[in-house]
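Tertiary structure, described
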Amino acid sequence: MATLEKSTGLHDLLRPEAHPRSVPDNLAWAALTRHAHRRWQLALIWETRTGSVRTSTFFELERASNRVANALAQLGVGRGDRVFTLLGRTPALYTSLLGALKLGAVVGVLFSDFGPTAIQQRLADAGAKVLFAEATSAAKLLDARAGLPDLEHVIFVGKEASRAARELRAACDLGAWVLDELLAKQPPCFSPVPVARSEACFFVYTSGTTGPPKGVVHCHAIADQLAATAREVLALDESDLYWCTADPGWVTGLCYGIFAPWLLGCPIFVYEGEFAAERWLELLERHQITCWYTTPTTLRRLMNWAGRRSFAEQRDFALRRIYTVGEPLGPEVIAWAEEAFGVPVYDNYWQTETGAQVIANRPGLPVKRGSMGKAVAGAHVAVIDEQGNELPPNVVGDIAVRPTLSSLFKGYWHLPEATRACFRAGWYVTRDKGRRDEDGYFWFAARADDVITCEARKIGPCEVENALATHPAVAEAAVVGVPDPVTTERVKAFVVLRPDRQPTRELAVELAEHVEAQLSAVARPREVEFCAHLPRTNSGKVQRAKLRSATELQGRCFVLQ
Ligand code: AMP
């Protein structure tokens, strides 16, 4: 563990000897092993893009993930080592994560559409030792390889895994393996390693206004609040079939797409593909999903696709309730969705750092449309002023949570200053503005930072600016979010070109594609404005508020697809 940062105090979370151990505290034991003795209990229904369906019981996933744990142990992975995935939503993602957790390793999930820069930043920061990757990612890994000194092994998944492993082996000194071959030699038995509640279990990278993404560290203790909210808010039990549409690369897909339902023994549905209105409605109906956790963007897309018509009469849904998270859900969308699906729609609020839902609408609580609901059990939430005093009802301030919340993050990896900056007078401060009304309902107002919310995913302007700056035509770039009626915001880039370059639509498209290739599709600018200069403060800081209002620049703006 040479890479562990001593000054954060976080290295203790990964140091085995610092903790009293207990098997029930291992998240993988609680979410999987515990259910495996009931041989036929359904855990996962997985549908591919081409429509084939595979089901797995907890027992089957238990054995598959045991093989993963044994294979990782053979590669020298131990407690506290970081094991990441760069996989699509396939069963291999789930068994790899659970297998690594059983070993006491600390897991992290990368979106499979990440480009080399996004991959390299996160793996290098986390000091990842092993990566499970789609065979199709081999080229991206070769691009990122030079910046990954801690990475020792890549385990490839998919049809072309053998070829990808060969290529990687030929090009560098990494251990390159084929998952199926590695697992074939492993026994299906493994006892989850006893860990302590306070021991790290996963990293999730989150974007801020400045700097690269920060690694949010969570511990095995997170299981308590995930199980509690799965009961209190999602009202899940084993009779549900639950579909969380979020990718596990986003904290929602990790915590509520995998752990929360499995902690209650509730089967999950996973679809490998991306959003398509007709297909998703058909999936809800054919699989008889009872509980659906999605985003406001999804509902808005469905609303636009469907016009005013109701689906419920034409389709044989089994839905009982719908949940959304990640961006504001307006009353109009709730009204439409409740009418269209014939079931209640519950918005809720949390963030990567809180680890679990902290404010939620839920069954049994009257919904005030447009509000995020009330604080959940175990979360003391308030709206505070600059001194940390609770504000009176209906006054907008900072949404804050007492650190007694058992799922609260343990800190940002390597960043003690940034971690400390989140706390004020005994509160964890979310960087969201909002108000609480006289009945205790919370209303979202705005983010207090410049992070861009697009399709519920968060994009750090700085990451996009850095990616743009690597293009030879760019002298300077600044990035903001501008309002979008469907996706909440979209990325807009302001670019000052080098003297020899002309502001053309072709160049705007080229820049957008450059960002997408380096980072991800969601970070791709949808508007590029070429301007002569960027508005800056006397100290040289870009004035994003001026860019957002964009009244004085009058550059040439291209709206892209
Ligand atoms: P993340 O950490 O990526 O899950 O993003 C968390 C952020 O998403 C929060 O800090 C809010 O800015 C936003 N968010 C989450 N839930 C809601 C909601 N129900 N309404 C408005 N914004 C939300």
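This section reports on the structure supplied with the text.

1. Notes on the overall build of the protein
Counting its secondary structure elements, the protein contains 16 helices and 28 strands. For 561 residues, the compact-globule formula gives about 24 Å, and the C-alpha radius of gyration of the protein, at 23 Å, lands near that figure. If one aligns the C-alpha atoms of the protein with their principal axes, the spans along those axes are about 65 × 60 × 50 Å. Residues classed as buried in the protein amount to 61% of the 561 residues present. For the protein, restricting intrachain contacts to residue pairs at least 6 apart in sequence, the fraction spanning at least 24 positions comes to 69%.

2. Details of the pairing of strand E7 (residues 175–178)
Across four bridges, the pairing between strand E6 (residues 153–157) and E7 is parallel. Paired with Val154 across the strands is Ala176, a residue of E7. Tracing the backbone out of E6, into helix H6 (residues 161–171) and back to the parallel element E7 gives a crossover that is right-handed.

3. Focus on the sheet that holds strand E15 (residues 359–360)
Ordered in space as E2-E1-E11-E10-E12-E13-E14-E15-E16, the nine strands form an open sheet in which the pairing is mixed. If you trace the sheet from one side to the other, it starts and ends with strand E2 (53–57) and strand E16 (374–375), each paired once. In this fold helix H2 (residues 58–74) packs onto strand E1 (42–47) and E2, with an angle of close to 85° to the strand it touches most, E2. Of the strands in this sheet, E1, strand E10 (242–244), strand E11 (268–271) and strand E12 (291–294) touch helix H9 (residues 251–263), which is tilted by about 165° from E10.

4. Regarding the site of the ligand
Close to the ligand lie 17 residues; Asn348, Gln351, Thr352, Asp432 and Lys458 are nearest. In the environment of the ligand, a nitrogen atom lies 3.1 Å from a nitrogen or oxygen atom belonging to the backbone of Gly326. Note that an oxygen atom of the ligand is positioned 2.6 Å from one of the side-chain N or O atoms of Thr352. Expressed as a share of its isolated accessible area of 500 Å², the protein-covered part of the ligand is 96%. Counting only elements with at least two residues in the shell around the ligand, the list comes to strand E14 (345–349) and strand E22 (442–447). Per element, the largest residue contribution to the shell around the ligand is three residues, and it comes from E14. The class makeup of the residues in the shell around the ligand is eight nonpolar, four polar and five charged.

5. Concerning the side chain of Glu527
Secondary-structure assignment places Glu527 in strand E27 (residues 527–530). Within the local environment of Glu527, its side chain forms a polar contact with the side chain of Arg490, the two groups lying 2.5 Å apart. If sequence neighbours within four positions are ignored, Glu527 has contacts with Val482, Arg490, Val491, Lys492, Ala493, Cys557, Phe558 and Val559.

Scoring rules and cut-offs
- Residues numbered from 1 in each chain as written.
- Predicted model: local features only at pLDDT ≥ 70, side-chain atom pairs only at ≥ 80, totals over all residues.
- Heavy atoms only, no water.
- Helix = DSSP H or I, 4+ residues; strand = E, 2+ residues; numbered from the N terminus.
- Rg over C-alpha atoms; globule rule 2.2 N^0.38 Å.
- Buried < 20%, exposed > 50% of the residue type's maximum accessible area, 1.4 Å probe, protein only.
- Contact = heavy atoms within 4.5 Å.
- Pairing = 2+ DSSP bridges.
- Right-handed = clockwise from strand over helix to strand, strands pointing away.
- Axes fitted to C-alpha atoms, helices over the stretch in contact; angles between N-to-C directions.
- Near = heavy atom within 4 Å.
- Polar contact = N/O pair within 3.5 Å; in protein donor to acceptor, adjacent residues only side chain to side chain.
- Areas by Shrake-Rupley, 256 points an atom, 1.4 Å probe, with all protein chains shown as cover.
- Nonpolar A, V, L, I, M, F, W, Y, C, P; charged D, E, K, R; others polar.

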